[in-house]
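Listed below are the residues making up each chain.
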Amino acid sequence: MKTQTLLKLSLVVFLLFSVTAVCARLGWIATDYNQVMPSLSYQAPNSTYWFGLDIFGRNVLARGWHAAFTALLVGFCSATLATVIGACLGACAGFFGGKIDALVVWLFTVLESIPYILLLSAFAFLFGQGVYNVCLALGMTSWVLVCRLVRTEVMRHRQMEYVMAAEALGASTKRILFYHILPNVAPVLIVQFGLIFLFAVKAEVILSFLGLGVEPGYPSWGFMFDDAKQELALGIWWNFACAASMMFVMVFSLQQSIEYVRLRLNQGIAK
Amino acid sequence: MNNARCRKVSKWNIFAFADRLEIAFREQARNTEYTVKAPRLSSILMFPLLIFFGAACTPKNQDKEQTLFLHLREQLRSFDPVLAKDIYSQRMVLQIYEGLLHFNYLKRPVELEPLLADGMPQMSADGKTITIKIKHSIFFADDPCFSNGKGRELTAADFVYSWKRLADSKNKSESYWIFRDKIVGYDEWRKHLSEGKATYDTPIAGIRAPDKYTLVVELKERQYELLYLFTHAATTVVPHEAVEHYGEEFSEHPVGTGAFRLASWDKNSKITLVKNENYHDDFYPKEGAAGDASLGLLKNAGEKLPFAHKVVVHEISEEQPQWLLFNRGDLDLWQATKDYQPQILDGDHLAKSFAVRGIKMSLPVSTDVTYIGFNTENKFLKNKKIRQAMAMAYDQALLAKRFYNALVISAHGPIPPNVEGYRKNIKNKYQQYNLAEAKKYLSEAGYPGGKGLPPFVFEMASMHTTARQMAEFFKQQMAQLGIQVKLQTNTWPQFNEKLKTKKADIFDMAWNGDYPDAENFLQLFYSKNISPGPNSTNFSSPEFDKLFEEMKHTLSGAKRKDLIYKMEDLVMEEVPWIFNFHRVFVFVEQPWFYNFKYDTMIMDTFKYYRVDDKQRQKDKER
Amino acid sequence: MLGTSTLLFVLFHFVGGDPVLTFAGKNADAATIAQLRQDLGFSGSLLQQYVRFTRETFLWDWGTSWVSHGSVLKRIGEGLGPSLTITLPGFLIAYFLALLLAFLAVHYFERWPDTLLQFIVSFLMSVSFVVLILFCQKIFAYDLAWFPVYGWDHDIFKRWSYAALPIAIFTLATFPAKVLVIRSLIAEEIEKKYVLTARAKGVFTHTIYFSHVLKNILPGVFTMMWAQVPALLTGSLLLEAFFGIPGLGNLLLNSIQASDFPVVKALTVMGSIIYIVCVFIGDVLIFILDPRLESK
């Protein structure tokens with residue numbers, strides 16, 4: 001189907017994008033991202049510098065790639081953290097039920113009821129600035145949705161015959177959870193992972209923009225937008241354009257990739 | 001009809017679909033059995049859209065008779081003089097409330113003048129007793145808090161009441177320091193009040209009103225700055241009826257003797273002031289500083305104030321909207337910030353495109369100093385040579401160009417121009433960019449190439465974009481020495497906490513003068529003012545302290561100046577701060593706006609401003 | 001709810017700068033600070049502070065704001081109007097738009113209009129909210145001057161010119177997600193047998209859509225809508241900050257930055273309460289809307 005090819009293409013784009021960002025971080029390309037050239041401040045885009053130079057004379061495109069890596073890092077770490085916590089708690093709640101379930105439900109209801117921005121700001125303050133702190137903060141506030149889904153799925157599977165059969169055969173709880181139920185819950189988890197990744201990337205931008213994100217001086221699209229806020233009125237559009245387009249490419253391709261993964265997984269299950 | 005409903009016929013033709021819809025709707029109009037939501041849907045959609053566009057395009061033709069359009073760069077906190085701690089609130093307070101003294105609007109350097117006082121205060125020979133006569137027939141603005149709605153006459157007792165409010169710890173006033181430790185019985189009364197052992201009726205020995213128009217203040221010892229403090233917003237006079245009537249809402253219902261009163265306040269949005277009908281006689285100064293006449297500032301000499309009937313103040317914290325409003329003629333006066341200065345300026349003149357429109361510009365110097373502070377109690381920063389090295393590695397000229405468009409005055413020490421004790425032509429060796437020297441000093445300190453030094457944390461006082469960019473600049477500069485710097489944003493409260501608990505090692509600060517005297521700047525190095533006081537660098541030098549205490553007891557004159565010079569030299573050598581700049585503001589005014597002259601210390605300014613309505617209408621239609 | 005308030009207390013205590021020090025101002029000394037500490041209720045052990053905190057919350061005593069020194073409740077009340085002026089219309093329009101487009105999409109299911117719509121929707125979803133605001137503000141308000149750039153008017157009629165652009169941006173940012181969800185709901189519904197029957201009977205397409213399908217997907221849509229109601233009340237932080245709208249979002253942001261504890265506390269606790277209440281009411285309403293659920 002045509003849509004499927006498009007989606008596959010998106011996945012490829014996303015992977016290419018990520019690889020480039022990683023290369024940038026490893027120092028193979030875009031090495032001049034921190035090189036300050038004060039006299040050339042705000043140089044407009046030209047053939048050498050495709051997106052021009054920023055206020056300190058740094059290569060905007062190079063910074064963009066490093067910021068892309070920051071985004072990927074934050075997305076990956078937060079999503080992992082959130083998924084792991086959510087899955088564990090959700091599985092426990094769904095499987096054991098009773099008091100444990102009540103406790104977990106209470107926990108995430110409490111967390112859900114606090115206005116999101118506040119919770120995030122609070123964690124951001126608590127942990128301070130910095131890349132890993134942002135990951136921690138985002139991870140700790142995003143696990144709720146995963147937990148909910150996992151819990152429902154686990155509860156559902158728990159009633160199924162194959163689990164009862166396994167229990168009858170004397171399989172240990174750990175074995176049942178990891179070997180039997182988890183693979184069935186995996187599709188949902190993977191998709192959720194992707195969604196949280198996406199969400200984390202967007203949130204990191206907003207956090208950095210508000211001053212609650214990564215350390216200043218560390219490349220981030222959020223800071224590029226923050227700079228752009230004042231520059232746009234002066235006609236300096238390249239900072240904004242670079243961050244906006246790069247972020248868009250990544251988010252869009254990631255979104256479509258998740259769709260693709262979801263489609264393929266559903267097809268797999270349908271078989 | 002039937003064919004039209006068949007999907008296959010119009011597979012690709014979206015117009016056919018629309019046709020079908022239309023036919024269907026007409027059918028439905030005849031057939032009342034089915035309820036159709038779609039037409040209503042679209043009309044419901046259209047309606048609000050129409051309203052939006054209609055309203056958005058409505059021209060705003062308001063009554064603009066003698067109305068000033070100004071703006072605040074931060075949201076107003078409070079109109080209560082005792083609670084107005086930031087300069088924006090203080091500025092607004094001083095349009096509505098008045099104090100004993102104020103500064104002459106035009107004379108420079110600034111000169112004290114009586115406002116509500118009848119003549120300047122009289123000091124006794126030992127300087128410990130000040131007698132002030134209050135003018136007669138000064139009335140508060142009309143307000144429902146008074147028994148018949150009409151403002152009553154001001155008496156000396158009102159000052160006693162107002163200053164008691166300042167001491168009342170229930171008000172949690174940040175301006176209590178103004179009279180703290182200076183007036184006899186003042187601090188004791190505050191303590192007794194909070195313990196319940198005293199009330200507002202309990203007299204304070206140091207502030208008395210022996211008769212209706214006389215105020216007597218008894219000091220613990222001679223205070224030179226006290227007269228300046230009588231111009232401060234927190235010492236202005238409020239009527240007890242208003243405080244009692246409005247209670248908690250008093251912050252929003254000011255009642256004063258000033259030229260204006262509050263008509264309305266749309267929180268975080270717009271403040272509207274109108275002329276106070278009961279305002280006493282007040283006239284535009286007849287003479288000013290040299291050059292005022294040629295600037296047209298004496299045109300209204302001797303005329304009755306205020307000129308404006310209404311003042312609309314927009315509270316806008318983002319710069320772009322401020323700029324847009326000014327450009328469209330909706331703001332009469334604007335302070336251009338760094339990002340917009342290049343658009344308006346050509347070097348330090350107004351750009352041609354603006355000059356042609358008749359727009360005027362002024363570049364007043366602010367009575368402040370910006371600096372980067374070092375915590376002198378930090379293990380490493382204790383070493384003077386390290387601080388000196390860092391100062392010399394910091395390219396201030398580049399900083400000025402990049403962030404201030406070079407519109408600043410380089411500071412060699414803490415004392416700004418316009419203040420007695422400022423020396424114009426001296427140079428501070430450590431303020432000159434000299435990377436080679438800096439590296440040498442660092443090696444001499446025992447850390448060649450920055451080896452052995454831990455990364456320092458640079459605390460920013462806000463989360464503002466420009467603050468972040470300047471911090472990044474500092475980081476880049478220190479990298480030249482091999483010194484690692486980590487940057488940390490803070491909200492103002494977080495920053496404050498770090499300062500006052502001595503947790504800030506290197507930080508970015510500015511000190512705005514409370515009054516135009518060198519003492520206000522030099523006290524920042526006095527060891528008794530160490531955190532949580534204003535001496536945020538915890539600088540302590542017995543030699544400095546001795547000079548400082550001596551200065552406090554010396555009358556203005558050559559000897560005092562000499563002491564000030566010595567203290568400044570000491571601080572310049574010790575480098576507890578990297579002195580940055582004294583800021584220069586860029587103000588632009590519309591061609592129809594007159595009588596603007598700025599000074600950081602002079603805040604009761606709205607009454608002097610004047611607009612020419614005819615000219616405004618003409619010029620706006622360009 | 002006790003859990004929520006406890007969590008909030010813990011957060012407030014360990015997070016943010018010590019407000020007493022800020023309160024004291026730049027010329028403070030140790031004695032003043034100690035006095036302030038007591039007045040503001042920060043003295044005493046942690047437990048004492050916690051008890052005080054909980055008591056105030058349950059008694060609905062929010063106290064006075066440290067910044068404006070006026071009643072906290074009043075400030076919140078003032079902020080509610082502007083926030084709702086932006087979010088409520090935006091919310092409703094977004095849903096109308098989403099419904100309309102979703103139906104259109106399903107009508108051309110899997111053909112080019114549908115794909116195009118999905119593409120546009122995905123495109124819009126990928127654009128960061130910040131980018132959208134910056135872009136729209138620059139182009140529509142600054143360059144083209146169709147809308148005012150900033151500000152607010154409390155007058156009930158004049159405020160719409162200021163609200164227009166924020167509402168448009170809010171709608172643009174939120175409707176894409178809804179379109180996708182509604183589209184899948186409709187797609188599922190269309191497969192049902194009664195639709196086939198109706199078509200065979202010769203009922204008009206639009207009647208099928210709007211009279212029958214719509215009513216049946218309403219519970220699903222409603223669940224989605226209702227879950228977002230609490231967020232409506234708090235307003236959009238970014239929108240309010242950029243357009244200078246004196247709503248609750250702006251209030252929250254300013255209060256956090258100024259460490260105005262009473263206001264932040266009031267907003268968050270109230271937010272939690274509203275959330276819980278909404279969930280409860282939502283469950284009740286769902287039963288009313290879809291009688292079939294009662295039997296479950």
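The sections below set out a description of the structure shown in this document. (Residues numbered from 1 in each chain as written. Chains lettered and ligands numbered in written order. Predicted model: local features only at pLDDT ≥ 70, side-chain atom pairs only at ≥ 80, totals over all residues. Heavy atoms only, no water.)

**Section: the overall build of chain C**
What counts, and what does not: Helix and strand definitions here come from DSSP, where helices need a minimum of 4 consecutive H or I residues and strands a minimum of 2 consecutive E residues; each element is numbered from the N-terminal end. To sort residues, take the accessible area from a 1.4 Å probe on protein chains only and compare it with the maximum for the residue type: under 20% means buried, over 50% means exposed, and anything in between is partly exposed. We call two residues in contact when some of their heavy atoms are within 4.5 Å. In these tables, accessible area is a Shrake-Rupley quantity obtained with a 1.4 Å probe, and a residue counts as shielded only by the protein chains included in the view.
Regarding its fold elements, chain C presents 13 helices and zero strands. Listing each helix as α and each strand as β along chain C from the N terminus yields α-α-α-α-α-α-α-α-α-α-α-α-α. Across the 296 residues in chain C, those meeting the buried criterion constitute 58%. Taking the contacts inside chain C whose residues are at least 6 apart along the sequence as the reference set, 72% of them involve residues at least 24 apart. Of the accessible surface of chain C, which amounts to about 12,300 Å², a share of 70% is contributed by carbon and sulfur atoms.

**Some details on the interface of chain B and chain A**
How we decide: The quantity reported as buried area is the accessible area (1.4 Å probe) lost by two parts once they are put together, taken as the sum for both. Salt bridges are defined as contacts in which a side-chain nitrogen from Lys or Arg sits within 4 Å of a carboxyl oxygen from Asp or Glu. Residues adjacent in sequence count toward polar contacts only when both atoms are side-chain atoms; beyond that, a polar contact is any pair of N or O atoms within 3.5 Å, and within protein one must be able to donate a hydrogen and the other to accept it. Nonpolar residues are Ala, Val, Leu, Ile, Met, Phe, Trp, Tyr, Cys and Pro. Charged residues are Asp, Glu, Lys and Arg, and all others, Gly as well, are polar.
Across the contact, 27 residues belong to chain B and 22 residues belong to chain A. Together, the buried faces of chain B and chain A total about 2,200 Å²; carbon and sulfur atoms form 48% of this surface. The interface formed by chain B and chain A holds three salt bridges in total. Its salt-bridge partner being Arg 468 of chain B, residue Asp 226 of chain A comes within 3.3 Å of it at the nearest N-O pair. Counting across the interface, chain B meets chain A through seven residue pairs in polar contact (both at pLDDT 80 or more). A total of eight residues in the side of chain B that touches chain A trace back to one element, the largest contributor, which is helix 15 (residues 465-479) of chain B. In terms of residue class, the side of chain B that touches chain A is made up of seven nonpolar, 11 polar and nine charged.

**Some thoughts on the pairing of strand 9 (residues 270-275) of chain B**
Residue and element names in this part refer to chain B. Definition in use: For two strands to count as paired, DSSP must find a minimum of two bridges between them.
Summarising burial for strand 9: five of the six residues are buried, a large majority. Bridge count between strand 8 (residues 260-266) and strand 9: six bridges; the pairing is antiparallel. Note that in strand 9 the partner of Ser 264 across the bridge is Thr 272. Counting the residues that bridge the hairpin from strand 8 to strand 9 gives three residues, and of these Asn 268 lies at a positive phi of roughly 55 degrees.

**Things to note about the nonpolar core**
Operational definition: Only buried residues count toward a nonpolar core, which is a set of Ala, Val, Leu, Ile, Met, Phe, Trp, Tyr and Cys residues joined through side-chain atoms within 4.5 Å.
The biggest cluster of nonpolar side chains holds 130 residues, and the ones touching the most others in it are Trp 65, Trp 221 and Phe 225 of chain A together with Ile 182 and Ile 186 of chain C. With 17 residues, helix 2 (residues 60-96) of chain A is the largest single contributor of residues to this core. Not counting the four nearest positions on each side in its chain, Trp 221 of chain A is found in contact with Phe 17, Gly 64, Ala 67, Ala 68, Ala 71, Val 201, Val 205, Ala 243, Met 246, Met 247 and Met 250 of chain A. One finds Trp 189, Ile 204, Leu 219 and Leu 333 of chain B within the second-largest nonpolar core, a separate group that totals 94 residues.

**What to know about the pattern of salt bridges**
Within the structure shown, the criterion is met by 44 salt bridges over all chains. Ionic pairing is found between Arg 165 of chain B and Asp 80 of chain B, a salt bridge with its closest N-O pair at 2.7 Å. Note that Arg 165 of chain B is positioned in helix 5 (residues 156-167) and Asp 80 of chain B in the loop between strand 1 (67-72) and helix 4 (87-96), a separation of 85 residues in sequence. Lys 150 of chain B serves as the salt-bridge partner of Asp 142 of chain B, at 3.3 Å between the closest nitrogen and oxygen. By sharing partners, the salt bridges in this structure join Asp 54, Arg 58, Asp 226 and Asp 227 of chain A together with Arg 468 and Glu 472 of chain B into a single network.

**Quick notes on a nonpolar patch on the surface**
Residues and elements named next belong to chain C. Put simply, the test is: Each patch groups residues whose relative accessible area exceeds 30% and which form no salt bridge, using 9 Å between like charges and 5 Å between nonpolar side chains of Val, Leu, Ile, Met, Phe, Trp and Tyr.
Nonpolar side chains collect at one region of the surface, where Trp 112, Leu 116, Phe 119, Ile 120 and Phe 123 lie side by side and expose about 490 Å² of accessible area between them. Summarising the element assignment, Phe 119 is placed in helix 6 (residues 112-126). For Phe 119, a relative accessible area of 44% puts it in the partly exposed group.

**Digging into the environment of Leu 522 of chain B**
Residues and elements named next belong to chain B. By the secondary structure assignment, Leu 522 is in helix 17 (residues 518-522). Overall, Leu 522 belongs to the buried group, its relative accessible area being 0%. Sequence separation between Leu 522 and Asp 599 is 77 residues; the distance between their C-alpha atoms is 21 Å. Ignoring anything within four residues of it in the chain, the contact list for Leu 522 reads Pro 414, Ile 415, Phe 544, Phe 548, Met 551, Ile 564 and Met 567.

**Considerations on the sheet that holds strand 20 (residues 577-579) of chain B**
Hydrogen bonds between backbone groups are what pair the strands of a sheet, and the pairing can be parallel or antiparallel. All names here are of chain B. The condition that has to hold: Structural elements are reduced to axes, namely lines fitted to C-alpha atoms, with helices fitted over the stretch in contact, and the angle between N-to-C directions of any two is expressed from 0 to 180 degrees.
As summarised here, the arrangement of the five strands in space is 18-17-19-15-20, forming an open sheet in which the pairing is mixed. Looking at the sheet topology across the chains shown, the edges are occupied by strand 18 (485-488) and strand 20. Mean inter-strand twist for the sheet, computed between neighbouring axes without regard to direction, equals 30 degrees. Bridge count between strand 17 (residues 456-459) and strand 19 (residues 506-512): two bridges; the pairing is parallel. By the bridge assignment for strand 19, Glu 459 is matched with Phe 507. Each of strand 17, strand 18 and strand 19 touches helix 16 (residues 492-500); the most contacted strand, strand 19, lies at about 105 degrees to it.

**Focus on the packing of helix 5 of chain B against helix 6 (residues 186-195) of chain B**
Residue and element names in this part refer to chain B. Our working rule: Here is the rule for angles: anything less than 35 degrees is roughly parallel, anything more than 145 is roughly antiparallel, 65 through 115 is roughly perpendicular, and the remaining ranges are oblique. Handedness of a crossing is defined here by the sense of rotation of the near helix relative to the far one, left-handed for an anticlockwise turn of less than a right angle and right-handed for a clockwise turn.
Where helix 5 meets helix 6, the axes come as close as 9 Å, and the angle between the chain directions of the two elements is 65 degrees. Between helix 5 and helix 6, the interaxial angle falls into the category roughly perpendicular. For the element pair helix 5 and helix 6, the recorded crossing hand is right-handed. Judged by residue contacts, Trp 163, Lys 164, Leu 166 and Ala 167 of helix 5 engage Tyr 186, Trp 189 and Arg 190 from helix 6. Among the residues making up the contact of helix 5 with helix 6, the classes are represented as five nonpolar, no polar and two charged.

**A short note on the sheet that holds strand 14 (residues 360-362) of chain B**
All names here are of chain B. Taken in spatial order, the three strands make up an open sheet running 11-22-14, and their pairing is antiparallel. Of all strands in the sheet, those with a lone pairing partner are strand 11 (333-335) and strand 14, marking the two edges. Sheet twist, expressed as the mean angle between neighbouring strand axes with direction ignored, is 20 degrees. As judged from the three bridges shared by strand 11 and strand 22 (residues 587-589), these two strands associate in the antiparallel manner. Looking at the pairing, Trp 334 lines up with Val 588 of strand 22. Lying on the sheet, helix 9 (residues 319-327) is in contact with strand 11 and strand 22; it crosses strand 11 at an angle near 150 degrees.

**Side note on the packing of aromatic side chains**
Residue and element names in this part refer to chain B. Quick note on the threshold: Side-chain rings of Phe, Tyr and Trp (the six-membered ring for Trp) are treated as a pair once their centres are within 6.5 Å; stacked means planes under 30 degrees apart, edge-to-face means over 60, and tilted covers the remaining angles. Consider the ring centre and the ring normal. A charge sits over the ring if Lys NZ or Arg CZ is within 6 Å of that centre and within 35 degrees of that normal.
Following the criterion strictly, the structure yields 58 aromatic pairs over all chains and no others. Seen from their ring centres, Tyr 284 and Phe 307 are 6.2 Å apart, and the 45 degrees between their planes marks the pair as tilted. Pair noted here: Tyr 284 is in the loop between strand 9 and strand 10 (310-315) and Phe 307 is in the loop between strand 9 and strand 10, with a separation of 23 residues, a long-range link. Both residues of the pair, Tyr 284 and Phe 307, belong to the buried class. The rings of Tyr 371, Phe 495, Phe 507, Phe 525, Tyr 526, Phe 539, Phe 544, Phe 548, Trp 577 and Phe 579 are connected pair by pair, giving a single aromatic cluster. The side chain of Arg 190 reaches across the aromatic face of Tyr 176, ending 3.8 Å from its centre.

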